[in-house]
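So you can see what is in the structure, the chains are spelled out below.
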Amino acid sequence: MTARTTGTRGTTETTNTARRTAVFLRTSVVLQTLTLFLQAVSAGVLLSSAHSGLLHDVGARVMYGASMLYLLAAVLAWRPGGGSPRPIGYAAGFLVLASVQVVLGIAHVPSVHVPLGVLMFGLSVLVLARRDTGAERG
């Protein structure tokens, strides 16, 4: 009887860990999507006013941090959480895109920086929608 109870406890703990890591992964994608949206807003303000560069610069740091958090959440959802390793590839891809985006922003190349930002926002919304519909689970 104790072995069965221990087995159930282990299964329950594994399920709880998987649930917590899935919530952390979803929260990190929501945060990334929100920061990308706010970057688009601050870019629009930046194009219409020369005094809003600081807001966009700070937003870039927050967006980059959100991309790193997404990668961490994807790794935690996979290894201890028992989830699929596929989100790690998505998160790593976002981190690469965020790195390119930062470099292009510093180099003042808006002809690539702006479309890449739009692409990143669209991809982040897509990942979020796939997670919500369950298409990414498993």
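Heads up: these notes are all about the structure in this document.

## Observations regarding a nonpolar patch on the surface
Item 1. Together, Leu 34, Phe 37, Leu 38, Val 41 and Val 45 make up an exposed nonpolar region whose accessible area comes to about 430 Å².
Item 2. Checked against the element boundaries, Leu 38 lands in helix α1 (residues 2-48).
Item 3. With relative accessibility at 47%, the residue Leu 38 sits in the partly exposed group.

## Notes on helix α3 (residues 86-106)
Item 1. With 21 residues, α3 should cover 30 Å at 1.5 Å per step; its first-to-last C-alpha distance of 31 Å lies within 8% of that length.
Item 2. Residues Pro 87, Ala 91, Phe 94, Leu 95, Ala 98, Gln 101 and Leu 104 constitute the buried set of α3.
Item 3. Just past α3, the residue His 108 takes up positive phi, approximately 55 degrees.

## Some words on the nonpolar core
Item 1. In this structure, Leu 25, Val 29, Tyr 70, Ala 73, Ala 74, Ala 77, Ala 91, Phe 94, Val 127 and Leu 128 together form the largest nonpolar core, which totals 10 residues.
Item 2. By residue number, the principal contributor to this core is helix α2 (residues 53-78), which donates four residues.
Item 3. Look past the residues within four positions of Val 29 in its chain and what remains in contact with it is Tyr 70, Ser 124, Val 127 and Leu 128.
Item 4. In terms of nonpolar packing, the next biggest core, distinct from the first, is built from six residues, Met 63, Ala 98, Leu 104 and Leu 116 among them.

## Some thoughts on the side chain of Ser 28
Item 1. Here Ser 28 shows up in helix α1.
Item 2. Looking at Ser 28, its side chain comes within polar contact range of the main-chain oxygen of Leu 25, at 2.7 Å.
Item 3. Other than its neighbours up to four places away in sequence, Ser 28 contacts Leu 69, Tyr 70 and Ala 73.

## Quick look at the packing of aromatic side chains
Item 1. Enumeration according to the criterion identifies two aromatic pairs in this entry.
Item 2. Arranged with centres 6.0 Å apart and planes meeting at 40 degrees, the rings of Phe 37 and Phe 121 form a pair that is tilted. Of the two residues, Phe 37 is situated in helix α1 and Phe 121 in helix α4 (residues 110-133); the sequence distance between them amounts to 84 residues.
Item 3. Among the residues examined, Phe 121 registers a relative accessible area of 29% and is labelled partly exposed.
Item 4. Here the guanidinium or amino end of Arg 79 rests over the ring plane of Trp 78, the centre of that ring lying 5.4 Å away.

## Notes on the side chain of Thr 33
Item 1. Take Thr 33: it is sitting in helix α1.
Item 2. Excluding anything up to four places from it in sequence, Thr 33 contacts Phe 121, Ser 124, Val 125 and Leu 128.

## What about the layout of surface pockets?
Item 1. Of the volumes computed, that of the largest pocket is approximately 760 Å³.
Item 2. Taken together, 26 residues make up the lining of the largest pocket; nearest its centre are Gln 39, His 56, Gln 101, Gly 105 and His 113.
Item 3. Residue assignment for the lining of the largest pocket shows that the elements contributing at least two residues are α1, α2, α3 and α4.
Item 4. Among the elements that take part in the lining of the largest pocket, α2 stands out by supplying seven residues, more than any other.

Conventions used here
- Residues numbered from 1 in each chain as written.
- Predicted model: local features only at pLDDT ≥ 70, side-chain atom pairs only at ≥ 80, totals over all residues.
- Heavy atoms only, no water.
- Patch = residues over 30% accessible without salt bridge, like charges linked within 9 Å, V, L, I, M, F, W, Y side chains within 5 Å.
- Areas by Shrake-Rupley, 256 points an atom, 1.4 Å probe, with all protein chains shown as cover.
- Salt bridge = Lys/Arg side-chain N within 4 Å of Asp/Glu carboxyl O.
- Helix = DSSP H or I, 4+ residues; strand = E, 2+ residues; numbered from the N terminus.
- Buried < 20%, exposed > 50% of the residue type's maximum accessible area, 1.4 Å probe, protein only.
- Expected span 1.5 Å × (residues − 1).
- Core = buried A, V, L, I, M, F, W, Y, C linked by side-chain atoms within 4.5 Å.
- Contact = heavy atoms within 4.5 Å.
- Polar contact = N/O pair within 3.5 Å; in protein donor to acceptor, adjacent residues only side chain to side chain.
- Phe/Tyr/Trp six-rings, centres within 6.5 Å; stacked < 30°, edge-to-face > 60°.
- Lys NZ or Arg CZ within 6 Å of the ring centre and 35° of its normal.
- 1 Å grid on protein atoms, 1.4 Å probe; cavity = no way out; pocket = protein on both sides within 12 Å on 5 of 7 lines; lining within 4 Å.
- Points joined across faces, edges and corners; volume = space filled by probe spheres on them.

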